[in-house]
Amino acid sequence: MAWFGKKKKKDDFDPLQDLVLSKLKVGYLVDYDMKTWEVTEYNSYDWEDGDHSYEWEIKSGDEVLYLELEDDDEPEWTLTSKIPLKSVGRGIRSHIKENDDPPNMIQYEGVEYTIDESNAGYFCKGGEKERIELICWDYYDLSEEKTLTIEQWGEEKFDASVGDYVEEYQFTNILPGS
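In this report, the structure presented in the accompanying data block is examined. Note that this is a predicted model, so its numbers are computed, not measured.

A word on the pattern of salt bridges. Counted under the stated rule, the structure contains 6 salt bridges. Between lysine 97 and glutamate 156 there is a salt bridge; the shortest N-O distance is 2.7 Å. In this pair, lysine 97 is assigned in helix α2 (residues 92-99) and glutamate 156 in the loop between β9 (146-153) and β10 (157-166), connecting sequence segments 59 residues apart. Overall, lysine 97 belongs to the partly exposed group, its relative accessible area being 41%. In this structure, lysine 146 engages aspartate 164 in a salt bridge whose closest nitrogen and oxygen atoms are separated by 3.4 Å.

Along the polypeptide, methionine 34 turns up in the loop between β1 (29-32) and β2 (35-47). Taking the C-alpha atoms as reference points, methionine 34 and phenylalanine 158, separated by 124 residues in sequence, lie 32 Å from one another.

A few words now on a negative patch on the surface. Residues Glu48, Asp49, Asp71, Asp72, Asp73, Glu74, Glu76, Asp116, Glu117, Glu133 and Glu144 make up a contiguous surface patch of negative charge. For aspartate 73, the position within the fold is in the loop between β4 (63-71) and β5 (75-83).

Attention shifts here to the nonpolar core. Leu21, Leu24, Trp56, Leu67, Leu79 and Phe171 are the most contacted members of the largest nonpolar core, which has 17 residues in total. Contributions of two or more residues to this core are made by β1, β2, β3 (52-60), β4, β5 and β11 (171-175). Residues contacting tryptophan 56, with those up to four places away along its chain left out, are Leu21, Ser22, Leu24, Val39, Glu41, Tyr42, Leu65, Tyr66, Leu67, Leu69 and Trp77. Grouped together as the second largest cluster of nonpolar side chains are 15 residues, Ile92, Tyr108, Leu148 and Ile150 included.

Here β5 runs beside β10; their pairing, made up of 7 bridges, is antiparallel. Note on β10: the bridge partner recorded for lysine 82 is serine 161. Two elements, β9 and β10, share 8 bridges in a ladder whose sense is antiparallel. Residue pairing in the sheet places isoleucine 150 in a bridge with alanine 160 of β10.

Thresholds applied
- Position numbers for residues start from 1 in each chain and track the written sequence from start to end.
- The predicted nature of this model means local features are confined to residues of pLDDT at least 70 and side-chain atom pairs, given and counted, to a pLDDT of 80 or more, with totals for whole chains, interfaces and linings taken over all residues.
- To get the side-chain values, take all heavy atoms of the structure and skip hydrogens and water.
- What counts as a salt bridge is simple: a side-chain nitrogen of Lys or Arg found within 4 Å of a carboxyl oxygen of Asp or Glu.
- Here a helix means four or more residues in a row that DSSP labels H or I, a strand means two or more in a row labelled E, and each is numbered from the N terminus.
- Throughout this description, buried means an accessible area under 20% of the type-specific maximum (1.4 Å probe, protein chains only), exposed means over 50%, and partly exposed covers the range between.
- Like charges are joined within 9 Å and nonpolar side chains (Val, Leu, Ile, Met, Phe, Trp, Tyr) within 5 Å, but only among residues with over 30% relative accessible area and no salt bridge; these make up the patches.
- Per-residue accessibility takes into account occlusion by the displayed protein chains alone, with areas from the Shrake-Rupley method and a 1.4 Å probe.
- By the counting rule applied here, Lys and Arg register as positive and Asp and Glu as negative, while His and the ends of each chain are not counted.
- Just so you know, the charge point we use is NZ for Lys, CZ for Arg, CG for Asp and CD for Glu.
- Only buried residues count toward a nonpolar core. Its members are Ala, Val, Leu, Ile, Met, Phe, Trp, Tyr and Cys residues joined through side-chain atoms within 4.5 Å.
- Only heavy atoms enter the contact rule, under which two residues are in contact if any of them lie within 4.5 Å.
- Being paired, for any two strands, means DSSP has found at least two bridges between them.

Dropping the structure here:
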């Protein structure tokens, strides 16, 4: 029985439960690092080891970042930006083609990153059912606070991103879009 004789519909919006970082939707606004960011894209990843991760593209002015949630045993949040693959070293692309893996250590802007894990899986744009295959290599720095990722899409397309591990409490004032 519902309070005051009113039943809650499945799609009723509950600001206490729906305005949390893990439930961001396209159009939502969120504050981070003294800026307001708009969620412009949502994607999910299905990994071959059975894990899933979720990614939100957020924009503030001309700046674009990617907020990712990986929920293995406990939620792990990263905030990254895309970088050119050649900025992490010349020959990375050919190294991967020759060895099926990138080097174990990479330097980017004076920070040394060590490979942590690799994983194959599927990218689902918008969280939809259409799946695009990819391979991903994750690196972290000595402090384990910074992250660098190399992604391979098919035989020839590579992406790289760099960022930081972040905490959910760093994001505030989540508001639904108009």
